[in-house]
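Close look at the chain arrangement
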Amino acid sequence: MVVDPEPASASGRNRPQPPQVTHREVADVLRTRIRSGVLRPGQRMPTQAVLAEEFGVERGAVREALRILQAERLLTNMSKGSPATVASDLGLDRAPTGPEVPPQPTMVALGPRVTGAFAAPHVSIDALCLTSVSLTLAMGEPLRRIHEGRMEPAKVDVRILLPSRNIDLAFPAPVDRSDSERLQRRWLAQRNAQGQVLRHNLLALRSTHGIDVRVTFRALPFTPPVKLYLLNGAEALFAYYTLVRREAEVDHEPLEMYDAEGTRSMLFAFERGVGLRDTTFVEQSCLWFNALWETISSELVLTD
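A brief report on the enclosed structure follows. (Residues numbered from 1 in each chain as written. Predicted model: local features only at pLDDT ≥ 70, side-chain atom pairs only at ≥ 80, totals over all residues. Heavy atoms only, no water.)

**Observations regarding helix H3 (residues 59–71)**
Let me state the cut-off plainly: For the purposes of this entry, the term helix denotes a DSSP run of H or I that reaches at least four residues, the term strand denotes a run of E that reaches at least two, and both are numbered from the N terminus. An expected span of 1.5 Å times one less than the residue number is assigned to each helix.
Counted at 1.5 Å a residue, the expected span for H3 with its 13 residues is 18 Å, and the 18 Å between its end C-alpha atoms agrees. The positive-phi residue at the C-terminal boundary of H3 is arginine 73, with phi of around 65 degrees.

Here it is, written out as structure tokens:
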């Protein structure tokens, strides 16, 4: 898909250009393409000139990005005369690189990894969570880059598992059980509102950029004690919902509850192809999600 350049203003001056992409951002996108199989083992990389044009950066930034990937043993045969080659051995028996980074809060870690996932032509994101707040926020950056013409996926598939409205939630739960109904109403309103925003923002890409987008929700008959994000079948991001006692205002009145701050949950990252343990975790997470999706989950309609 070709993106038309920004029109010039009446004075003939071009509109301000988007911020310069850094060499680390270029490395992040290329790393995701390699690990997701978009760039295959033994395949020649695009030339530095092609990559510089694609990302809107100088060749020096491309060279720095390629050096990072070479240091991670993802690229070989780097020379001045020809493009680098994706490593034939991507390190199944080596210590992992990405997952060696310490776990970070969801709102710190999720956004960059979702953005990286959007570098693939076919973006696939599966999520199991209490609400879709974190995922909705994490979508902001890749959507911005698509609208700026810096990313061009052809297809986006998003599947989300959320608790059913017909169950008694394990959490958030009021300390005084007599407050259960108003707390349930508050959670349901948040679940529906965030889901509707996420769906609207993604489906808008159909009309604005001609991207094939599908967003599907299904309901679980239980409260998930963990959150899980699967990106392009290549990454599994996992976090525990840890409960704390806190006070919040619900229907203009204070309410003591047991709740989990999902955006602050520490996110652990596992990547396919960087070690047997991590590869197996990703594979089993995909199997687990698909089993829930195809068996005990039910249709979810985001209504009030």
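Once the structure has been displayed, the description carries forward.
**Some words on the sheet that holds strand S8 (residues 226–231)**
Selection rule: Whether two strands pair depends on DSSP finding at least two bridges between them.
Across the sheet, which stays open at both edges, the eight strands sit in the order S3-S12-S9-S8-S4-S5-S7-S13 with mixed pairing between neighbours. With partners counted over all chains shown, the strands left at the sheet margins are strand S3 (104–105) and strand S13 (298–299), one partner each. Direction of pairing for strand S9 (residues 235–240) relative to strand S12 (residues 266–271): antiparallel, over a ladder of four bridges. Within S12, the residue paired with alanine 236 across the bridge is phenylalanine 270.

**Regarding the packing of aromatic side chains**
Filter applied, for reference: The pairing test for Phe, Tyr and Trp rings, Trp by its six-membered ring, is centres within 6.5 Å, and the orientation test on the planes gives stacked under 30 degrees, edge-to-face over 60, and tilted for anything in between. Type-normalised accessible area, obtained with a 1.4 Å probe on protein chains alone, sets the label of each residue: buried when under 20%, exposed when over 50%, and partly exposed for intermediate values. Counted as over-ring charges are cases with an Arg CZ or a Lys NZ within 6 Å of the ring centre that also lie within 35 degrees of the ring normal.
One pass over the full model with this rule turns up five aromatic pairs. Note on phenylalanine 238 and tyrosine 240: the rings are 5.1 Å apart at their centroids and 85 degrees apart in plane angle, and the pair reads as edge-to-face. Judged by relative accessible area, phenylalanine 238 falls into the buried class, the value being 16%. Centre to centre, the rings of phenylalanine 238 and phenylalanine 281 are 6.0 Å apart; their planes meet at 85 degrees, and the pair counts as edge-to-face. With a gap of 43 residues between them, phenylalanine 238 in strand S9 and phenylalanine 281 in helix H8 (residues 276–294) connect regions that are remote in the sequence. These aromatic residues form a ring-pair network of at least three members: Phe238, Tyr240, Phe270 and Phe281. When the ring centre of tryptophan 293 is taken as reference, the NZ or CZ atom of arginine 218 above it lies at 6.0 Å.

**What about the pattern of salt bridges?**
We apply this condition: In what follows, salt bridge is the name for a side-chain nitrogen of Lys or Arg lying within 4 Å of a carboxyl oxygen of Asp or Glu.
The full count for this structure, using the stated rule, is 21 salt bridges. Note that glutamate 54 is salt-bridged to arginine 33, the shortest N-O span being 2.4 Å. Taken together, the residues glutamate 54 in helix H2 (residues 48–55) and arginine 33 in helix H1 (residues 23–35) connect sequence positions 21 residues apart. The class for arginine 33 is buried, based on a relative accessible area of 15%.

**So, the sheet that holds strand S6 (residues 173–174)**
For sheets, the rule is that strands pair by backbone hydrogen bonds, running either parallel or antiparallel. An order of S6-S11-S10 is seen for the three strands of this open sheet, with the pairing classed as antiparallel. Strands with a single pairing partner mark the edges of an open sheet, and in this sheet they are S6 and strand S10 (244–250). The pairing of S10 with strand S11 (residues 253–259) spans seven bridges and is antiparallel. In the strand pairing of S11, valine 244 is matched with aspartate 259.

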